[in-house]
Amino acid sequence: MSKPLLSLSLLIIASAIFHHRASLAQSQDPGAAANSAVQARIARVEKGLLPPVIIKGRNEPGMKLADRMAFHKVRGVSIAVFDKSRIEWARGYGLADVAGNGAVTADTRFQAASISKPVSAAAVLHFVEAGKLDLDRDVNDYLKSWKVPENDFTRGQKVTLRRILSHSAGLTVHGFAGYEAGKAVPTLVQVLNGEAPANSEAIRVTLVPGSAFRYSGGGYTVMQQLLIDVLREPFPRIMQQTVLSKFGMSSSDFSQPLRDDWRGSAAAGYQADGTPVAGKYHTYPELAAAGLWTTPSDLARFAMGIQDAYAGKSHAVISQKMAQQMLTGQIDHVGLGVALDGSGQTLRFSHSGGNEGFQCLFVAYAHTGQGAVVMTNSDNGGELINEVMFGIAREYHWANFAPQERAVAKVDPKVYPDYVGRYMVRGGTIITISTRNHRLYAQATHEPEFELFPESPIKFFALVKDNEVVFERGASGKVDVMEIHQGGQSFPAKREQ
C-alpha cells in the first residue's frame, strides 16, 4: 500500500502525454450490448464527473473524464457499473502502459491493492461457516509457522479473526510498499518478523485487542499465514477454490509476482509525477492485504456475490446469516473486511486500495444491487476516482452519495492581504497564499494554484478536496498559523517570517 501523502490541493498539472485525450482508447465489455439507453448513460457519466465539494446554489454541469484524466495525470482508468444486480457496462480509457502504447480495455488487469482484504475476508468467513475456524478464538491456537508474540497488551485480550477483519486487533503495520522488480522478496514469516529482506516493521500488538480501530494490513498478513497453516495449501490456491471461482472471477489471481501469461494484459503503474514504477509494478508477498490482480468487472462480481448472499439469493461462498455479519458494524463503521456507510435501505459497503502506482475503489449497496468499481494505474488516481464515483452516483440516483455542498460567505477582500505569505507544513511542504482580483489563492509545493472560497473571514475551503483552511492570529495580532483540516485530521502550517 502506498503511504498516504499530505496534499492541500492534490491538483496536478496536465501532462503533455495526454494531448490526444479527445481520442482516448476505449473498449466496451461484450456484456454491455449496444443498448442505446445504456450508451446514453455511459456518455452522461463520461461528461458528468463531479468534484467532492460544490458551491451551494451553483448549477454543476459536470466535467469530462478525458479532461480530468489529463488534469490529474492519470494514464489509464477502468470502470465497471452494476445496477439491479447485473453489470450494466464496463469500459477502459487511456493507456495501460505508455511504453507499450497499450490501451486500457475492460479486460486489463490492475493491482487491487487493499481491495484484496474484503476478498480474503470472504474466504475466512467461508471457513468459519465450514467449522474450520472460529471468529472469536485466539489466532495463536491456529498458527503453526509463526505465533503472535504475547505481551502486556495480549494478557487479558487476544487477537482474533473478528478483530483482524475489523482492524481492531491492536496489530501494527498500516500497509506495505511492495518490492521492486529484481529485488529480493521476503518470505511471509520474514514479513511477519520484519526481517531482511522485508522492508516493513515487525507485526506486533501495541494496543489492547478489541479496544480501538487501527487499520492494519499487518493483521491481514497474520490471517494469511493462519489460512496457510490450517488448510496446508498455498494462499493463491485457497482463494481460487474458495472465492474467485465461486464468484466467476476468472480474470483474478492472488499470484505474486504476476503470472508470465498475464503480463501482456496487465497495466503498468505510474507515480504522481507521471514517472513509471520501476519494473512496471511491485511484488507483494502480503497477498491477503495487497496481492490481488483483477479487473473492475471481476470486483463487481465479487460485490454482487456479497449482495446476493445478503439477500439470501446465493450461498456460493457465504450464507445470508454470515453476509449479514459481514455487513454489520463491529467498530467505527467497519464490518468484517469492509467499510460501512448508511443504514437500512441505504446501507452500502466499500473498500479502497492503493499500491505503488495503483489506486482503486469499489462501492456497493447492500439492498439495491447498485454499485461501481473504478481502477487506475496512477498514484494520482484517488482524486479522479472520487470524481467518477460522484458522476456515476448522480446518473444512477444512488442514495446519500453526493458531493458536499458548501456556501460561500460574503467577506470583505480587504482582509486577504493579512493571509498572504508562505506556510510550512510538517514534512517540509510549503503552501503559498496569494491574492489578486479580490480573491484568495493557495499553491502547495510542486502543485498548481487553486482558489480558496470563504465560509467566514478566517475559514476557507477548496473545491478539489473536502478540506478547509483556518487562519489564526497570534499574540501580536498577525496571522502566524494556517490550520488545515482534511480527512478528519488537522495539520498546522506555520507562517515563515
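Remember, it's a predicted structure, so these values are computed and weren't measured experimentally.

Colleague: Pulling in residues and values, what's your account of unusual backbone geometry?
Modeller: The omega torsion across alanine 196 and proline 197 is 10°, close enough to zero to call that bond cis. Within the secondary structure, proline 197 is located in the loop between α5 (188–193) and α6 (217–231). In this chain, glutamine 256 is followed by proline 257 through a cis amide linkage whose omega measures 0°. Tracing the backbone through its elements, the reader meets proline 257 in the loop between α7 (235–244) and α8 (287–290). In this structure, lysine 84 takes a positive phi of about 55° despite not being glycine. Inspection of the secondary structure puts lysine 84 in the loop between β3 (76–83) and β4 (86–97). Given the relative accessible area of 67%, lysine 84 is considered exposed. In this model, asparagine 437 sits at a positive phi of 50°, which is unusual for a non-glycine residue. The topology assignment puts asparagine 437 in the loop between β14 (430–436) and β15 (439–444). Residue asparagine 437 is classed as exposed on the basis of its relative accessible area, which comes to 66%.

Colleague: Any chance you could break down the packing of aromatic side chains for me, citing the residues and the numbers?
Modeller: Applying the stated rule across the entire model yields 16 aromatic pairs. Grouped by ring-pair contacts, the aromatic residues Tyr416, Tyr419, Tyr423, Phe460 and Phe471 constitute a single cluster.

Colleague: Please give an account of the pattern of salt bridges that cites residues and values.
Modeller: Applying the stated criterion to the full structure yields 23 salt bridges. For aspartate 418, the salt bridge identified is with arginine 473, shortest N-O distance 3.0 Å. With aspartate 418 in the loop between β12 (404–406) and β13 (421–425) and arginine 473 in strand β18 (residues 467–473), this pair connects stretches of sequence that are 55 residues apart. A salt bridge links glutamate 451 to arginine 439, with the nearest nitrogen and oxygen atoms 3.6 Å apart. Of this pair, glutamate 451 sits in strand β16 (residues 450–454) while arginine 439 is found in strand β15, placing the two residues twelve residues apart along the sequence. Overlapping salt bridges bring together Arg41, Arg44, Arg86, Glu88 and Glu395 as one network.

Colleague: Outline the pairing of strand β11 (residues 371–376), listing residues and values.
Modeller: Here β11 lies mainly inside the structure; six of its six residues are buried. The pairing of β3 with β11 spans six bridges and is antiparallel. Each residue of the ladder has a partner; that of valine 77, found in β11, is threonine 376. Relative to β11, strand β10 (residues 358–365) is paired through six bridges, and the arrangement is antiparallel. Across the sheet, residue alanine 364 finds its bridge partner in β11, namely glycine 371. Taken together, β10 and the strand that follows it, β11, pair antiparallel across an intervening segment of five residues, in which glycine 369 is found at a positive phi of about 75°.

Conventions adopted
Residues numbered from 1 in each chain as written. Predicted model: local features only at pLDDT ≥ 70, side-chain atom pairs only at ≥ 80, totals over all residues. Heavy atoms only, no water. Helix = DSSP H or I, 4+ residues; strand = E, 2+ residues; numbered from the N terminus. Buried < 20%, exposed > 50% of the residue type's maximum accessible area, 1.4 Å probe, protein only. Phe/Tyr/Trp six-rings, centres within 6.5 Å; stacked < 30°, edge-to-face > 60°. Salt bridge = Lys/Arg side-chain N within 4 Å of Asp/Glu carboxyl O. Pairing = 2+ DSSP bridges.

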